[in-house]
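# Close look at the chain arrangement
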Amino acid sequence: MKPANESNIKISAPVLVMDSGVGGLSIAAHIRKTCPDTPLFYLADNGAFPYGDKDEGWLVDRVVKLAYQLVNQYPIKLLVLGCNTASTVVLPALRKALSIPVVGVVPAIKPAAALSLSGHIGLLATPGTVNRSYTDQLISDHAARCQVTRVGSTEVVRLAEDKLAGIPVDLTRLKQAVSPLFESETLDTVVLGCTHFPLLRDELEKIQPRNIHWVDSGAAIARRVAMLLSQTPAQCLAGKNAVQSDLLFLTQALSKEASLMKSFRHNGFSQLVILEHETHCSSGF
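These lines cover the structure that appears in this document, whether it is placed above or below. (Residues numbered from 1 in each chain as written. Predicted model: local features only at pLDDT ≥ 70, side-chain atom pairs only at ≥ 80, totals over all residues. Heavy atoms only, no water.)

With that settled, the discussion passes to the overall build of the protein. Helices and strands together make up the secondary structure of the protein, namely 12 helices and 11 strands. For the protein, with 285 residues in total, the buried portion stands at 53%. In the protein, once contacts between residues fewer than 6 apart in sequence are set aside, the share between residues at least 24 apart is 74%. Approximately 12500 Å² of the protein is accessible, and the part contributed by carbon and sulfur atoms is 49%. (Helix = DSSP H or I, 4+ residues; strand = E, 2+ residues; numbered from the N terminus. Buried < 20%, exposed > 50% of the residue type's maximum accessible area, 1.4 Å probe, protein only. Contact = heavy atoms within 4.5 Å. Areas by Shrake-Rupley, 256 points an atom, 1.4 Å probe, with all protein chains shown as cover.)

This is the structure:
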């Protein structure tokens, strides 16, 4: 995976954020605000999008192999698995395979339970996250007193991807996808249990029938990253050169003129590396 323009890609121990699509950009934005001097790499495994409907064993194998490949190719100092679905399944195997710190993103059940006045909260996530035993344990540990309405949707993931691709969000489709959250007037707090979903916060607030608190874990993840970076030994932070630009990795090529590519550029990723069918190339875009 040696970039063709290697002389133009100077690496200095970045943080890597991984997701199947653009959802992890919501996490990357918080990291940029909290750690403005830390270079970022972003891997969008668009060849396997979305993660939310994938078999657990397949997902573990896929994510661990991709992460191991990049961590061994580049001096990455910390990895953020910016996907709730993958984090509820892959974290143990990923931490075992890598020698660097790994931060996962899990549904913000605990803060939502503390925030709710009615004791009725919602969990909006992918079907995989909603139904996993990991989520059951989070609810048991941190929201045992609460009534929890779970809604699993890949449709909302696709609407978030569409939004970043410049396609107007269809509010009717969005409302249909999340309608179970609005059926009970006692529900006052919703966990956005997929990193794609904070990208739709404005639209969710437009369609909500009453005041609802929408809770995600982006800021908390960024604080965790900052804390771990502060504990990283100085010798591990010493990079070869300053990073010229943050890198974007894709597992399936997209047109440079695609709206989604423009969104990545807008978010600061101006160098592209394609990881496709074991054939790798690099370019600016």
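After that view, the rundown keeps rolling.
Right, let's get into the sheet that holds strand 8 (residues 213-215). The four strands are arranged 6-5-7-8 in an open sheet whose pairing can be described as parallel. Both outer strands of the open sheet, strand 6 (147-152) and strand 8, are each paired with one neighbouring strand and no more. Direction aside, the axes of adjacent strands within the sheet are offset by 20° on average. Taken together, the three bridges between strand 7 (residues 189-192) and strand 8 define a ladder with parallel strand orientation. Opposite Val 190, over in strand 8, you have Trp 214 as the bridge partner. (Pairing = 2+ DSSP bridges. Axes fitted to C-alpha atoms, helices over the stretch in contact; angles between N-to-C directions.)

Moving on to the packing of aromatic side chains. One pair of aromatic rings is described through two measures. These are the centre distance and the angle between the planes. Counted by the stated rule, this structure contains five aromatic pairs. For the ring pair Phe 41 and Tyr 74, a centre distance of 5.6 Å and an interplane angle of 85° mean the geometry is edge-to-face. Separated by 33 residues along the polypeptide, Phe 41 in strand 2 (residues 40-44) and Tyr 74 in the loop between helix 2 (56-73) and strand 3 (78-81) bring together distant segments of the chain. Of the two residues examined, Phe 41 and Tyr 74, each falls in the buried class. Ring centres of Tyr 42 and Phe 264 lie 5.8 Å apart, and the angle between their planes is 50°; this geometry places the pair in the tilted category. Of the two residues, Tyr 42 sits in strand 2 while Phe 264 sits in helix 12 (residues 259-266), which places them 222 residues apart along the sequence. Since its relative accessible area comes to 0%, Tyr 42 is described here as buried. Aromatic rings pair up to connect Phe 41, Tyr 74 and Phe 249 into one cluster. Seen from the ring of Phe 269, Arg 32 lies directly overhead, with NZ or CZ sitting 4.9 Å from the centre. (Phe/Tyr/Trp six-rings, centres within 6.5 Å; stacked < 30°, edge-to-face > 60°. Lys NZ or Arg CZ within 6 Å of the ring centre and 35° of its normal.)

Among the six residues that make up strand 5 (residues 120-125), six are buried, leaving the element largely enclosed by the rest of the structure. The pairing of strand 5 with strand 7 spans four bridges and is classified as parallel. The residue bridging Leu 123 from the neighbouring strand is Val 191, located in strand 7.

What follows deals with the packing of helix 2 against helix 3 (residues 84-97). As a packed pair, helix 2 and helix 3 sit with axes 9 Å apart at the nearest point and diverge in direction by 50°. In terms of their interaxial angle, helix 2 and helix 3 are classed as oblique. For helix 2 against helix 3, the interelement crossing comes out right-handed. Contacts between helix 2 and helix 3 involve Glu 56, Leu 59, Val 60, Val 63, Val 64, Ala 67 and Tyr 68 from the former and Thr 85, Ala 86, Val 89, Val 90, Ala 93, Leu 94 and Ala 97 from the latter. For the contact of helix 2 with helix 3, the class distribution of residues is 12 nonpolar, one polar and one charged. (Parallel < 35°, antiparallel > 145°, perpendicular 65-115°, else oblique. Left-handed = near helix turned anticlockwise from the far one by under 90°. Nonpolar A, V, L, I, M, F, W, Y, C, P; charged D, E, K, R; others polar.)

Right, let's talk about the nonpolar core for a bit. Ile 31, Val 80, Leu 174, Val 178, Leu 181, Val 225 and Phe 264 are the most contacted members of the largest nonpolar core, which totals 52 residues. It is helix 10 (residues 218-230) that contributes the most residues to this core, five residues altogether. (Core = buried A, V, L, I, M, F, W, Y, C linked by side-chain atoms within 4.5 Å.)

A few words now on the environment of Val 148. On the secondary structure map, Val 148 appears in strand 6. On a C-alpha basis, the gap between Val 148 and Val 190 in space is 9.3 Å, while along the polypeptide they are 42 residues apart. Beyond its immediate chain neighbours, meaning those up to four positions away, Val 148 contacts Ile 121, Leu 123 and Ile 139.

Let us now look at the pattern of salt bridges. Under the counting rule described, the total for this entry stands at eight salt bridges. Among the salt bridges present, the one from Arg 32 reaches Asp 246, with a minimum N-O distance of 2.8 Å. Of the two residues, Arg 32 sits in helix 1 (residues 25-34) while Asp 246 sits in strand 9 (residues 246-250), which places them 214 residues apart along the sequence. Taking relative accessible area as the criterion, Arg 32 reaches 29% and is therefore assigned partly exposed. Arg 62 is the partner of Asp 45 in a salt bridge, and the nearest nitrogen-oxygen pair spans 2.6 Å. (Salt bridge = Lys/Arg side-chain N within 4 Å of Asp/Glu carboxyl O.)

As a further point, take the environment of Pro 180. Its location among the elements puts Pro 180 in the loop between helix 8 (171-178) and strand 7. With 30 residues separating them in the primary sequence, Pro 180 and Arg 150 have C-alpha atoms 8.4 Å apart.

This part covers unusual backbone geometry. Put simply, Phe 49 and Pro 50 share a cis peptide bond, and its omega is -5°. Its place among the elements puts Pro 50 in the loop between strand 2 and helix 2.

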